[in-house]
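Take a look at the letters that make up each chain.
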Amino acid sequence: MTISLPEGSALRSPDFLFGVATSSFQIEGDADCRLDSIWDTFCRVPGAISDGSDGRVACDHVALWRDDVELMADLGLDAYRFSISWPRVMDRQGRLNEKGLDFYRRLIEKLNLSGIRPFATLYHWDLPQHLDDTGGWLNRDTAYRFADYADQVSRALGDGVASWATLNEPFCSAEFGYGTGKHAPGHSDPAWARQSAHHLLLAHGLAMPALSTNCPQAMNGIVLNFSPCYPETDSRADRDAAEHADQSLNQWYLLPVIAGTYPELLQRLPPEQHPDIGDGDMEIISHPLDFLGVNYYFRNVCRYGADGAWEQVVQEQAPRTDFDWEIYPNGLSELLIDYDRRYDLPPVYITENGAAMRDTLIGGRVHDPERTRYFEQHLIELDRAMRAGVDVRGYFAWSLMDNFEWAEGYTKRF
């Protein structure tokens, strides 16, 4: 795959980082040397994973990490974004597991020796099962357990890490894990989705001071996924639907972190869907960020449905990925420019962007024009946002390798 960047592109700056991203449960394997996570439990639920698979072996990264780092070096990458497995590095009593930590120590050392900057994420969805047994993210105490985990691990590994992210995509953890049941731990209750989201954001805010203290040389922040919301038509109803969707999907997570408040949507929700917000929570959540990680895959085109709720309108003629996600590169630049003008964003990294495609072997190779075009189009839009003044420091493609793609098992190939 060869990507062509525009002449004079801001992406050609020697300070701009190109990397790839992965997550622990999706690639590591070696399940016998860690505690169970909520995803181990979820994979045992009949029908929960489309192909009936699990992450016990995955890409066997714990055994093959040296080969994987050599692959990154051969690709000429500047950075590698990976996540720490909470069940691998801490025991049930909240003490560090030195054997699990040693795996990450060796990985981080090898990355630095190879000239690849380590970007670590503390939570990419694999909550230890024993914490879910006491309520998981519905239990406020889990936020404090996370803060302790972040403190201990960042003190143990911090010197070699260039950047720490507290959470990856709390929207997905809350909405799919507690609202729809599509992801672990498999609950389906809108009120639980809002409450778990608040505790996740609280966990982020509680962890940030420890990261700032333990790793002052690192860039410390959070990774949020954004799907810009467009009205189907220019009617007032469709514009209101798009605003409603944006507040629910995007602003619900960005505004607390940036401005210490929930969007106006909170006042329109029924009382039973209001999260229990403690005194001082919003100040904790809005701890200053060194960076904001942005994951972008698709947009939403919106209108109000017959039941009065906003609904997504499928763009039938648009190009789509194998996930059936619309390919809309303009959404990346429009989102970044809009949010930066509204909020004066901190430095930004595009921490995930990529496309699952139906790869076919021809002559022993995958000829990949669709995915190549996808990356080129999104990088052009990223360049447009940077020229408009958005401070973007790097771009991470999802993913380094095909992996366990959550509820889709091994059926989707990025």
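Draft legend 1. Region of the structure containing the overall build of the chain. Within the chain one finds 14 helices and 13 strands. For 414 residues, the compact-globule estimate of 2.2 N^0.38 gives 22 Å, and the chain sits close to it at 20 Å. Taking the principal axes of its C-alpha atoms as reference, the chain extends roughly 60 × 50 × 45 Å. Every one of the 414 residues in the chain was classed for burial, and the buried ones make up 57%. Pairs at least 24 residues apart make up 78% of the contacts formed inside the chain by residues separated by at least 6 positions. About 17000 Å² of surface is accessible on the chain, with carbon and sulfur atoms providing 48% of the total.

Draft legend 2. Molecular detail of the packing of aromatic side chains. Applying the stated rule across the entire model yields 38 aromatic pairs. For the pair Tyr230 and Tyr328, a centre-to-centre distance of 5.5 Å together with 75 degrees between the ring planes defines the contact as edge-to-face. A residue pair is termed long-range when its members are at least 10 positions apart, and Tyr230 in strand S6 (residues 229–231) and Tyr328 in the loop between strand S9 (310–312) and helix H13 (330–343) qualify at 98 residues. What makes Tyr230 buried here is its relative accessible area of 18%. Residue class for Tyr328 comes out buried when judged on its relative accessible area of 18%. An angle of 35 degrees between the planes, with centres 4.6 Å apart, marks the rings of Trp252 and Tyr262 as tilted. Here Tyr262 lies in the loop between helix H10 (236–259) and helix H11 (265–268) and Trp252 lies in helix H10, a separation of ten residues in the sequence.

Draft legend 3. Looking closely at the sheet that holds S6. Read across the sheet, three strands follow the order S6-S8-S9 without closing on themselves; strand pairing throughout is mixed. A strand with exactly one partner marks an edge of an open sheet, and here the two such strands are S6 and S9. Sheet twist, expressed as the average angle between the axes of neighbouring strands with direction ignored, equals 45 degrees. Of the strand pairs in this sheet, strand S8 (residues 300–304) and S9 are connected by three bridges, and their pairing is antiparallel. The partner of Tyr304 across the bridge, within S9, is Trp310. The strands touched by H10 are S6, S8 and S9; relative to S8, the strand with the most contacts, the crossing angle is about 120 degrees.

What counts, and where the lines are drawn
Residues numbered from 1 in each chain as written. Predicted model: local features only at pLDDT ≥ 70, side-chain atom pairs only at ≥ 80, totals over all residues. Heavy atoms only, no water. Helix = DSSP H or I, 4+ residues; strand = E, 2+ residues; numbered from the N terminus. Rg over C-alpha atoms; globule rule 2.2 N^0.38 Å. Buried < 20%, exposed > 50% of the residue type's maximum accessible area, 1.4 Å probe, protein only. Contact = heavy atoms within 4.5 Å. Areas by Shrake-Rupley, 256 points an atom, 1.4 Å probe, with all protein chains shown as cover. Phe/Tyr/Trp six-rings, centres within 6.5 Å; stacked < 30°, edge-to-face > 60°. Pairing = 2+ DSSP bridges. Axes fitted to C-alpha atoms, helices over the stretch in contact; angles between N-to-C directions.

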